[in-house]
Amino acid sequence: MGVFETLSFFVPELLLAVGAMALLIAGVYMGERSARPIALASAALLLAACVIVLLTPVGGGQTLFAGAFRIDAFSSFAKAIVFAAAAVAILMSDRYLAGEQLGRFEYPVLIVLAAFGMGLMVSATDLIALYMAVETQSLALYILAAFNRDSRRSTEAGLKYFVLGALSSGLLLYGASLIYGFAGSTRFDEIARVAAMGGDNLGLAVGLVFLIAGLAFKVSAAPFHMWTPDVYEGAPTPVTAFFAAAPKFAAMALFARAMSAPFLELIDDWRPIIAIIAVASMAVGAFSAIVQTNIKRLMAYSSIGHMGYALIGLAAGTAEGVSSVLIYMAIYVVMTVGTFACILMMRRRGGMTEAIADLSGLSQTNAPFALILTVLLFSLAGVPPLAGFFGKWFVFFAAVNADLVWLAAIGAVMSVISAYYYLRVVWIMWFDEPAPAFERESGPVLGAASSISALLMFPGLVVFIGALVAAAEKAAASLF
């Protein structure tokens, strides 16, 4: 395959990379007034990349750059969701950044660069390519977490994320080096060939443990979750919204490819590890969120729990399991974007508010807002017949079909426990004495994002659910 033909499969990534550099230069020359036009241009760039991904036929898949990357239905599915979520995150940020005097052109450019790294992550089929893609994404995320330089909380969040991220990268690299030492290659197909030969695979198994630890940090799964609550609370709210959506989906997609492609023959070695991490994540998310009084910290522990549910599907180790992970994560992204749009609307004249108590009596001061947030919280809790319930149904069903009934049963129990802290917020909104009202004017983007997310939670929209399931099944099939 020629160079130009190879690069044609990376048009979305090239568009983002070149576009980010062009916007960076434009921002420098345009000065202080460049924040809004650069943000709109960045969102347009991401949406254009999403459209290109959807329109590019991948057929049976293409392996590129000597096996370092693979463009297939799986990578296309993941890229489309990641790029769309990143674009929405930029558009949702506009009003907040202007109100907090943080409107700088670097912000959207950093999100574009992070999305570029995520696009490479979900296509990586080589340990070196995997690491480089993860670090490309992470470097932009470290800066975003500390974007509010005048805030002690934001600076602390960025520092914690950086230090713990460096530790996880070390674990990931050490695992990759062990795998390379015993497999003789960093390519997924070569590692799979060595694993399929049988014999003593202890070295591969040990390397795999460290690799899983590094990837578990990226999805904030317990016990590698320690950065999540502080970063979610300390980072600017739009940054938290972005962290909770696009990077989580990209990291989970990378996790699924890394486990399914090279190590499927070693499933008996890694399945118990994934199952234990899933149970730990669900437990930490369920019990720790109960005592939270800050809505962003509650969402942090909620995200830890949701990663546990997604890992149930990954533990199945089947095409059905990977499909359930993609369905669950896609629904999770929509729920999270909608919920954070609501959190961004929690604004009074004194500035943003984050306390759950500030939602008291919201149904009496802003009934539409309360109704939208209620729908999203019910869906996060997995209450039927909303989309969140069907997301859990798919991962539990995949686990049962893989003879992991005990894991599905624990997941169901944890779902009931975690429902408490979601329902507590709903109770506060509908039955407590009203707190001072929020600003009515929240901007069209936040209103549209929250409303559309809430509407998509209803399974009556069978076109959305049906298309999602069909696309996820096709994407998962390309890995097996």
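In this text, all values refer to a predicted model and were calculated from it rather than measured experimentally. (Residues numbered from 1 in each chain as written. Predicted model: local features only at pLDDT ≥ 70, side-chain atom pairs only at ≥ 80, totals over all residues. Heavy atoms only, no water.)

A. Here's a closer look at unusual backbone geometry. Alanine 222 connects to proline 223 through a cis peptide bond whose omega is 5 degrees. Here proline 223 shows up in the loop between α9 (202-218) and α10 (228-234). In this chain, proline 384 is followed by proline 385 through a cis amide linkage whose omega measures 5 degrees. One can find proline 385 in the loop between α16 (367-381) and α17 (387-401). Even without being glycine, phenylalanine 65 reaches a positive phi, approximately 50 degrees. Here phenylalanine 65 is to be found in the loop between β1 (62-64) and β2 (69-71). Residue classification places phenylalanine 65 among the partly exposed residues on the basis of a relative accessible area of 43%. (Helix = DSSP H or I, 4+ residues; strand = E, 2+ residues; numbered from the N terminus. Buried < 20%, exposed > 50% of the residue type's maximum accessible area, 1.4 Å probe, protein only.)

B. Summary view of the packing of helix α6 (residues 127-145) against helix α7 (residues 152-183). The interhelical angle for the contact between α6 and α7, taken along N-to-C directions, is 175 degrees, at an axis separation of 9 Å. Between α6 and α7, the interaxial angle falls into the category roughly antiparallel. In contact with Leu127, Leu130, Tyr131, Glu135, Leu141, Tyr142 and Ala145 of α6, α7 contributes Ser154, Ala157, Gly158, Tyr161, Phe162, Gly165, Ala166, Ser169, Leu172, Leu173, Ala176 and Ile179. Tallied by class, residues from the contact of α6 with α7 come to 14 nonpolar, four polar and one charged. (Axes fitted to C-alpha atoms, helices over the stretch in contact; angles between N-to-C directions. Parallel < 35°, antiparallel > 145°, perpendicular 65-115°, else oblique. Contact = heavy atoms within 4.5 Å. Nonpolar A, V, L, I, M, F, W, Y, C, P; charged D, E, K, R; others polar.)

C. Focus on the packing of aromatic side chains. Scanning the entire structure with this criterion turns up 20 aromatic pairs. For the ring pair phenylalanine 77 and phenylalanine 249, a centre distance of 6.2 Å and an interplane angle of 35 degrees mean the geometry is tilted. Residue phenylalanine 77 is found in helix α4 (residues 73-99), and its partner phenylalanine 249 is found in helix α11 (residues 237-260); the two are separated by 172 residues along the sequence. Summarising the burial analysis for this pair, phenylalanine 77 and phenylalanine 249 share the class buried. Ring-pair connections join several aromatic residues into one group, and the members of that group are Tyr142, Tyr161, Phe162, Phe217, Trp227, Phe242 and Phe243. Over the ring of phenylalanine 147 we find arginine 104, and its NZ or CZ is 4.7 Å from the ring centre. Directly above the aromatic system of tyrosine 309 lies the positively charged group of lysine 392, at a separation of 4.4 Å from the ring centroid. (Phe/Tyr/Trp six-rings, centres within 6.5 Å; stacked < 30°, edge-to-face > 60°. Lys NZ or Arg CZ within 6 Å of the ring centre and 35° of its normal.)

D. Up close: the pattern of salt bridges. This structure, assessed with the given rule, holds 13 salt bridges. Close ionic contact of aspartate 72 with arginine 70 constitutes a salt bridge, the shortest N to O distance being 3.4 Å. With respect to burial, aspartate 72 and arginine 70 carry one shared label: buried. Salt bridges linked by common partners bring Arg153, Glu156, Lys160, Asp230, Glu233, Lys296, Arg297 and Glu354 together as one network. (Salt bridge = Lys/Arg side-chain N within 4 Å of Asp/Glu carboxyl O.)

E. Quick peek at the side chain of serine 363. With respect to the element layout, serine 363 can be found in helix α15 (residues 362-365). Judged by its relative accessible area of 14%, serine 363 falls in the buried class. Sequence-distant contacts of serine 363, that is, excluding residues within four places in its chain, are made with Ala370, Met429 and Trp430.

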